[in-house]
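The lines below spell out each chain.
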Amino acid sequence: MEHIANHPVYYHWWPLFTVLLGTGCRIGEALGLRWRDVDLTHRQITLHGQLPCDLPHDTKIVVHLEPLKDRDEGETRTFPITEEALPIFLRLRQEQTDQRRLCKLSGVEYYDNDLVVCKPDGSPYLQKRISARFTGFMRSTGMPKIRFHDLRGTAGTNMYNLTGDFYAVSQILGHSVDDFAQQMGVNLNINTV
């Protein structure tokens, strides 16, 4: 995270990385997360949808979210907000309040989409643009080459290492227990004699 927070070009991505690594959300889910779905009092996120992947490059207002992948219309996924993540969400909220105020003072329009992760003017980031620039970011930091989607695996591994609970982690990630166990390289087949 230090590479992101201190990087001269990509520092504005730290909220996205924080949400992805803390929850295991898909990129579209993280980009579509709205403040109305973040309950800081009960430390819980309820995902209702994801940002459409095919938004036009000049999109300023998000009209609708797509259903979550592998879920029926209206189904949600719930994530806990950890003790470590709570100050980050509080910081994000304060930064957006400051950005909204700065836009108003400078006469720049602020697009209030209620997004947790957004550009300084409140408009949405585009999935394809972030994914395309991620390779350049990784190269600039000297970190190993990974896909943006691989951050989900990192989050799942961290959750499993903390809890040891395949079922809970697979539910949070939206995977079957068998799929998650396979990704972790664990054989859940129990042979009895």
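Our subject is the structure that appears above.
Quick summary incoming for the structure in this document. (Residues numbered from 1 in each chain as written. Predicted model: local features only at pLDDT ≥ 70, side-chain atom pairs only at ≥ 80, totals over all residues. Heavy atoms only, no water.)

**Considerations on the sheet that holds strand E2 (residues 44–47)**
Spatially, the three strands line up as an open sheet ordered E1-E2-E3, and their pairing is antiparallel. The open sheet has two free edges, formed respectively by strand E1 (38–39) and strand E3 (77–80), since each of these has just one partner strand. Pairing geometry for E2 and E3, over four bridges, is antiparallel. Counted as the bridge partner of Ile 45 is Phe 79 from E3. (Pairing = 2+ DSSP bridges. Helix = DSSP H or I, 4+ residues; strand = E, 2+ residues; numbered from the N terminus.)

**Here we look at helix H4 (residues 86–106)**
If you check H4, its first and last C-alpha atoms are 30 Å apart, about what 21 residues at 1.5 Å a residue would give, namely 30 Å. Residue Gly 107 follows H4 closely and has a positive phi angle near 75°. (Expected span 1.5 Å × (residues − 1).)

**Some words on the side chain of Gln 96**
Here Gln 96 lies in helix H4. Setting aside residues up to four positions removed in sequence, Gln 96 forms contacts with Trp 35, Tyr 110, Leu 115, Val 116, Val 117 and Cys 118. (Contact = heavy atoms within 4.5 Å.)

**Thoughts on the pattern of salt bridges**
One pass over the full model with this rule turns up eight salt bridges. As a salt-bridge pair, Glu 29 and Arg 26 come within 3.1 Å of each other at their nearest N and O atoms. Across the pair Arg 101 and Asp 98 runs a salt bridge whose closest N-O atoms are separated by 3.5 Å. Linking Arg 101 with Asp 98, this pair stays in helix H4, spanning three residues, or about one helical turn. Since its relative accessible area comes to 46%, Arg 101 is described here as partly exposed. According to the relative accessible area criterion, Asp 98 is partly exposed, its value standing at 27%. Connected via shared salt-bridge partners are Arg 26, Glu 29 and Arg 77. (Salt bridge = Lys/Arg side-chain N within 4 Å of Asp/Glu carboxyl O. Buried < 20%, exposed > 50% of the residue type's maximum accessible area, 1.4 Å probe, protein only.)

**Regarding the nonpolar core**
One finds Val 19, Leu 31, Leu 33, Val 38, Ile 81, Phe 89 and Val 116 to be the most contacted residues of the largest nonpolar core, which totals 37 residues. Of all the elements in the fold, those that place two or more residues in this core are helix H2 (14–23), helix H3 (27–32), E2, H4 and helix H5 (127–141). With near-sequence residues (within four places) excluded, Leu 33 lies in contact with Val 19, Val 38, Ile 45, Leu 47, Phe 89, Asp 114, Leu 115 and Val 116. (Core = buried A, V, L, I, M, F, W, Y, C linked by side-chain atoms within 4.5 Å.)

**Quick notes on empty space enclosed by the protein**
All chains considered together, the criterion is met by two cavities of 30 Å³ or more. If you trace the largest cavity, you find it lined by Thr 18, Val 19, Gly 22, Thr 23, Ile 45, Pro 80, Ile 81, Thr 82, Ala 85 and Phe 89. A per-element tally of the lining of the largest cavity places H2 first, with four residues. Tallied by class, the residues present in the lining of the largest cavity amount to six nonpolar, four polar and no charged. Taken as a whole, the second largest cavity spans an internal volume of roughly 30 Å³. Lining of the second largest cavity is provided by Gln 96, Arg 100, Tyr 110, Tyr 111, Asp 112, Asn 113, Asp 114, Leu 115, Cys 118 and Gly 122. (1 Å grid on protein atoms, 1.4 Å probe; cavity = no way out; pocket = protein on both sides within 12 Å on 5 of 7 lines; lining within 4 Å. Points joined across faces, edges and corners; volume = space filled by probe spheres on them. Nonpolar A, V, L, I, M, F, W, Y, C, P; charged D, E, K, R; others polar.)

**Here's the deal with the state of the cysteines**
Scanning all chains against the criterion turns up zero disulfides. Distance from the sulfur of Cys 118, which forms no disulfide, to the nearest cysteine sulfur (Cys 103) is 9.6 Å. (Disulfide = S-S within 2.5 Å.)

Structural measurements only, silent on function.
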